[in-house]
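A structural walkthrough
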Amino acid sequence: MGRNELILKDVTKRFGGLTAVDALNLKVTEGQIYGIIGPNGAGKTTVFNCITGIYESEEGSVNWRGEEIRGMTPYQIVDRGIVRTFQTIRLFSQMSVAENIMSGRHIKSKQKLWNGIFHTPSSRRDELENWKKVEEQLDFFKLSEFAAVPTGSLPYGIQRRVEMARAMAVEPTLLILDEPAAGLNDKETLELLETIFKIRDRGVTVLLIEHDMDMVMEVTDYLTVINFGKQIAEGTPEEIQKNPAVIEAYLGSEDDDDE
Amino acid sequence: MREMQKYAYPIFLAVMAVLPHLLNSRWQAVAITFLIFTVVALSQDIILGKSGMFNMGQALFFGMGAYTTAILNHQLGWSIVATIPLAILIPAIFGVVLAGPIVHLRGDYLLVVTIGFNIVFVQVLQNNLGGVTGGPNGIFGLDSLSLFGINLASQVAVYYFAFLVLLATLWVMRNLEKSKPGRALHYLREDQLAAESIGINTRIYKIFAFGLGAGIAGLAGTVYATQYAAVSPEAFEFIQSVLFFSIVLVGGSSIPGILLGVFVMFVLPEIFREFATWRFFIFGFAMIAAMILRPRGIWPATFGKIPKFLIKGGSHGA
Ligand SMILES: Nc1ncnc2c1ncn2[C@@H]1O[C@H](COP(=O)(O)OP(=O)(O)OP(=O)(O)O)[C@@H](O)[C@H]1O
Ligand SMILES: [Mg+2]
């Protein structure tokens, strides 16, 4: 097994005539907070979908820890330590916060199918241990007071936190966040930054998409900028800020955002 | 609400436990039907309510259990009780095998395919395939219940057999709720993509739900065959599946909702004989009204079955 590295080589994903991701290369190394930025419709989310198995790219390779994961199903990829959140929050909205987080314990739980029919002392122990792990996440994400509340009725900012807590309950090696700050107010965004740093300090590599430029510059160690599915620049935040191609493509198009 | 349920269940079960002694024989028969159909509706709830799969063929598994018991008893001379394991296992295996190729289908397609299965099943029974199903007349003259050589021919004994089966079903469903597979069903029903993205192999759990639901329906079939000492194809027609489907949908995926649905559909028609012809009409309207006013059912499923130490706003009590 290689190091905890994610390497994309010439990843291409088409939708009909549209090339949403065009021969993209990137390399996320262990311990990084890695950012992907780009204008609306640049193909950022599609890249994440290709990494997490929701789509299979037509060409190229997605290599994780020395293993090709292109073509695997989402749950196989989760099993290998990659977990994601969604740009449009996807929680189990009728279920409580605690139950949502418990879904992240699914692959860690040792219960077998027949434990759905009858329990054994070891399945009861396993059940309790996993609820304790849920409790840890509730504490870490300051969600304890909402434990029994259905997520659908919670404000946006809290829902985002639940989604991250659910992902962290898997104990991932690589956490993938699709616009985690979207819809958050300034205070919530600051808290999010802190949380992301704490997660990294626990040894989790973070790969995120972000629209908020200030936030990206503050939180990431390394960045890839894409436009029309193609990489147009990569580097540290300082390098990216000075890159003329980025200023033109990214900032230029931001004026067109409301088209 | 939860407080109320805490008392409601023991009271309900206590009433059901003494019920046959309060009823004459005609009403005992109605009560047995209520118990059997409740079990079938609960088994349908595992597939439709908990997992959100539009299965319109639950009568197939019910019938398969009933015929397994009838054939083993009548042709091979097994005692009724001895047929139970196979009356569970054979429908369960069929559930798994039939579900395998179809669980990935979208709701409406799944619905049509399961109707197809149900119709084929009834045709097979009608045509006396293999010469064991007795054709359109079915099989009659089954032995009565007996255990350890004691004959339990009375209707009260059948009632308690049905009651025991209901208790076992409720016990399994409670275990399911508090287990990894049970939660997986809820997750995949709520959002399949999110469930897969958090590591759940949804296909396995969908097939599991079919197998479990089919097995429980099969067991209910044994009780049904015992009650009438007979089985015949028309009891397992696709229209029966429609009833089970509607009960779960209109009642809501909850035990009180299902009890209510079974009561309205199978007990009220006995009380008001005129109602029998009207029940589809009335139930049809109830369905329409419920789906508009209460799309999650009259008595919707409640989630939040989480350990107490997580509530109360903190971890410090744990
Ligand atoms: N399932 C799909 N079918 C067809 N086209 C798609 C699909 N998903 C994405 N696209 C298209 O691919 C392109 C890239 O979309 P994507 O969602 O990856 O962009 P993005 O960079 O995440 O944008 P945003 O910043 O708005 O989230 C867009 O033109 C989009 O319309
Ligand atoms: Mg996006």
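Residues numbered from 1 in each chain as written. Chains lettered and ligands numbered in written order. Predicted model: local features only at pLDDT ≥ 70, side-chain atom pairs only at ≥ 80, totals over all residues. Heavy atoms only, no water.

1. A few points about the interface of chain B and chain A
Here is the rule we go by: Throughout, a residue-residue contact means that at least one pair of heavy atoms, one from each residue, lies within 4.5 Å. Buried area is calculated as the accessible area (1.4 Å probe) missing from two parts once they are joined, with the contributions of both summed. One speaks of a salt bridge when a side-chain nitrogen belonging to Lys or Arg is within 4 Å of a carboxyl oxygen belonging to Asp or Glu. We call two N or O atoms a polar contact when they sit within 3.5 Å, provided that within protein one can donate a hydrogen and the other can accept it, with sequence-adjacent residues counted only if both atoms are side-chain atoms. Comment: elements are numbered from the N terminus, with helices defined as DSSP H or I runs of at least four residues and strands as E runs of at least two.
At the interface, 41 residues of chain B touch 44 residues of chain A. Summed over both sides, the interface between chain B and chain A buries roughly 3800 Å², with carbon and sulfur atoms accounting for 65% of that surface. Together, Lys180, Tyr187 and Ile198 of chain B form the three largest contributors to the area buried by chain B at its contact with chain A, with a combined 19%. Applying the counting criterion to the chain B and chain A interface returns 2 salt bridges. With a closest N to O distance of 2.7 Å, Glu127 of chain A and Arg183 of chain B form a salt bridge. Connecting chain B to chain A are 15 residue pairs in polar contact (both at pLDDT 80 or more). Contributions of two or more residues to the side of chain B that touches chain A are made by α6 (155–177), α7 (180–190), α8 (192–197) and α9 (202–228) of chain B. Top element by residues in the side of chain B that touches chain A is α7 of chain B. It accounts for 8 residues.

2. Section: the site of ligand 1
All names here are of chain A. Note the cut-off: Definition of nearness: a residue and a molecule or strand are near each other if at least one heavy atom of the residue lies within 4 Å of the molecule or strand. Accessible surface area values rest on a Shrake-Rupley calculation with a 1.4 Å probe, where residue burial reflects the displayed protein chains alone. Three categories are distinguished: nonpolar for Ala, Val, Leu, Ile, Met, Phe, Trp, Tyr, Cys and Pro, charged for Asp, Glu, Lys and Arg, and polar for the others, with Gly belonging to the last.
Near ligand 1 you find 15 residues, and of these Lys44, Thr45, Thr46, Tyr55 and Gln87 are the closest. Within the contact set of ligand 1, an oxygen atom lies 3.1 Å away from a side-chain nitrogen or oxygen of Asn40. Lys44 places a side-chain nitrogen or oxygen 2.7 Å from an oxygen atom of ligand 1. Across the complex, the protein chains shield 64% of the 640 Å² of accessible surface that ligand 1 would expose by itself. If you list the elements that add at least two residues to the shell around ligand 1, you get β2 (18–28) and α1 (44–51). A per-element tally of the shell around ligand 1 places α1 first, with 3 residues. Here the shell around ligand 1 is composed, by residue class, of 6 nonpolar, 7 polar and 2 charged.

3. With respect to the coordination of the magnesium ion (ligand 2)
Residue and element names in this part refer to chain A. Put simply, the test is: With water omitted from the atoms examined, metal sites may look incomplete; donors here are N, O and S atoms no farther than 2.8 Å from the metal, or 3.2 Å in the case of Na, K and Ca. Under the scheme applied here, a residue whose accessible area is under 20% of the maximum for its type counts as buried, over 50% as exposed, and between as partly exposed, the area being computed with a 1.4 Å probe on protein chains only.
Every protein donor of the magnesium ion (ligand 2) is listed here as Thr45 (OG1) and Gln87 (OE1), and their distances to the metal cover 1.9 to 2.1 Å. Pair noted here: Thr45 is in helix α1 and Gln87 is in the loop between β6 (82–84) and α3 (97–103), with a separation of 42 residues, a long-range link. The exposure class assigned to Thr45 is partly exposed, which follows from its relative accessible area of 26%. The exposure class of Gln87 is partly exposed, given its relative accessible area of 31%.

4. Some details on the pairing of strand β8 (residues 205–209) of chain A
Residues and elements named next belong to chain A. Here is the rule we go by: Any two strands with at least two DSSP-identified bridges between them are counted as paired. With strands facing away from the observer, any crossover in which the path from the first strand over the helix to the second runs clockwise is taken as right-handed.
For β8, the buried fraction is high: 5 of the 5 residues fall into the buried class. Both faces of β8 are covered, namely the face carrying Thr205, Leu207 and Ile209 and the face carrying Val206 and Leu208. One ladder, built from 4 bridges, connects strand β3 (residues 33–37) with β8; its direction is parallel. Residue pairing across strands places Tyr34 opposite Leu207, the latter belonging to β8. Across 5 bridges, strand β7 (residues 174–178) lies against β8 in parallel orientation. Of the residues in β8, the one forming a bridge with Leu174 is Thr205. As a crossover connection, the stretch from β7 through helix α6 (residues 186–201) into β8 is right-handed.

5. With respect to the sheet that holds β6 of chain A
Adjacent strands of a sheet form backbone hydrogen bonds with each other and so pair up, either parallel or antiparallel. Residue and element names in this part refer to chain A. Where we set the bar: Axis definition: a line fitted to C-alpha atoms, limited for helices to the stretch in contact. Angles are taken between N-to-C directions and run from 0 to 180 degrees.
Ordered by their spatial adjacency, 6 strands build an open sheet running β6-β7-β8-β3-β9-β10, and the pairing between neighbours is mixed. Edge positions in the open sheet fall to β6 and β10 (230–235), since each of these has one partner strand only. With strand direction ignored, the average angle separating the axes of adjacent strands in the sheet is 20 degrees. Judged from the 4 bridges that link them, β3 and strand β9 (residues 222–227) form a sheet pairing that is parallel. Residue pairing across strands places Tyr34 opposite Tyr222, the latter belonging to β9. Its contacts with the sheet put α1 on β3, β6, β7, β8 and β9, and the angle it makes with β8 is roughly 140 degrees.

6. Focus: the packing of aromatic side chains
Heads up, the rule is: Pairing of aromatic rings covers Phe, Tyr and the six-membered ring of Trp, with a centre-to-centre limit of 6.5 Å; geometry is then stacked below 30 degrees between planes, edge-to-face above 60, and tilted otherwise.
The tally for this structure, following the rule as stated, stands at 17 aromatic pairs over all chains. Look at Phe140 of chain A and Phe141 of chain A: their rings are 5.0 Å apart centre to centre, the planes differ by 80 degrees, and that puts the pair in the edge-to-face class. Accessibility assignment for this pair places Phe140 of chain A and Phe141 of chain A in one class, buried. Here the aromatic cluster, defined as three or more aromatic residues joined through ring pairs, consists of Phe37, Phe62, Tyr67, Tyr224, Tyr228, Phe236 and Phe244 of chain B.

7. What about the packing of α7 of chain B against α9 of chain B?
Residue and element names in this part refer to chain B. What counts, and what does not: By the definition adopted for this analysis, an angle is roughly parallel if under 35 degrees, roughly antiparallel if over 145, roughly perpendicular if from 65 to 115, and oblique otherwise.
Two elements in contact, α7 and α9, have axes separated by 10 Å at closest approach and are oriented at 110 degrees. What the angle tells us is that α7 and α9 run roughly perpendicular. Note on element contacts: α9 touches α7 through Thr202, Tyr205, Lys206, Phe208 and Ala209, opposite Lys180, Pro181, Ala184, Leu185 and Leu188. When the residues that make up the contact of α7 with α9 are grouped by side-chain class, the tally is 7 nonpolar, 1 polar and 2 charged.

8. Concerning the domain arrangement of chain A
All names here are of chain A. Heads up, the condition is: Per the annotation, domain bounds derive from an automatic or database assignment of domains.
Assigned domains within chain A: domain 1 (1–81 + 173–259) and domain 2 (97–171). Summarising the inter-unit geometry, the C-alpha centres of domain 1 and domain 2 are found 27 Å apart. Contact residues are listed per partner, giving 20 residues for domain 1 and 13 residues for domain 2. Both faces combined, the contact of domain 1 with domain 2 buries some 1200 Å², and carbon together with sulfur accounts for 70% of it. Counting across the domain 1 and domain 2 interface gives 0 salt bridges. Scanning the region where domain 1 abuts domain 2 turns up 1 residue pair in polar contact (both at pLDDT 80 or more). Across the side of domain 1 that touches domain 2, the residue classes break down as 10 nonpolar, 3 polar and 7 charged.

9. Some words on the side chain of Ser57 of chain A
Residue and element names in this part refer to chain A. Residue position: Ser57 is located in the loop between α1 and β4 (59–64). Here Glu59 takes part through its backbone oxygen, which lies 3.1 Å from a polar atom of the side chain of Ser57. Beyond its immediate sequence surroundings of up to four residues, Ser57 is in contact with Val11, Thr12, Lys13, Cys50 and Arg70.

10. Brief notes about the sheet that holds β4 of chain A
Residues and elements named next belong to chain A. Reading across the sheet, the 4 strands line up as β2-β1-β4-β5 and stay open at both edges, with antiparallel pairing between neighbours. Because the sheet does not close on itself, it has two edges, and the strands there are β2 and β5 (67–68). Judged from the 7 bridges that link them, strand β1 (residues 6–15) and β2 form a sheet pairing that is antiparallel. Note that in β2 the partner of Leu8 across the bridge is Leu26. Sheet contacts for α1: β1, β2 and β4; angle to β1, the most-contacted strand, approximately 115 degrees.

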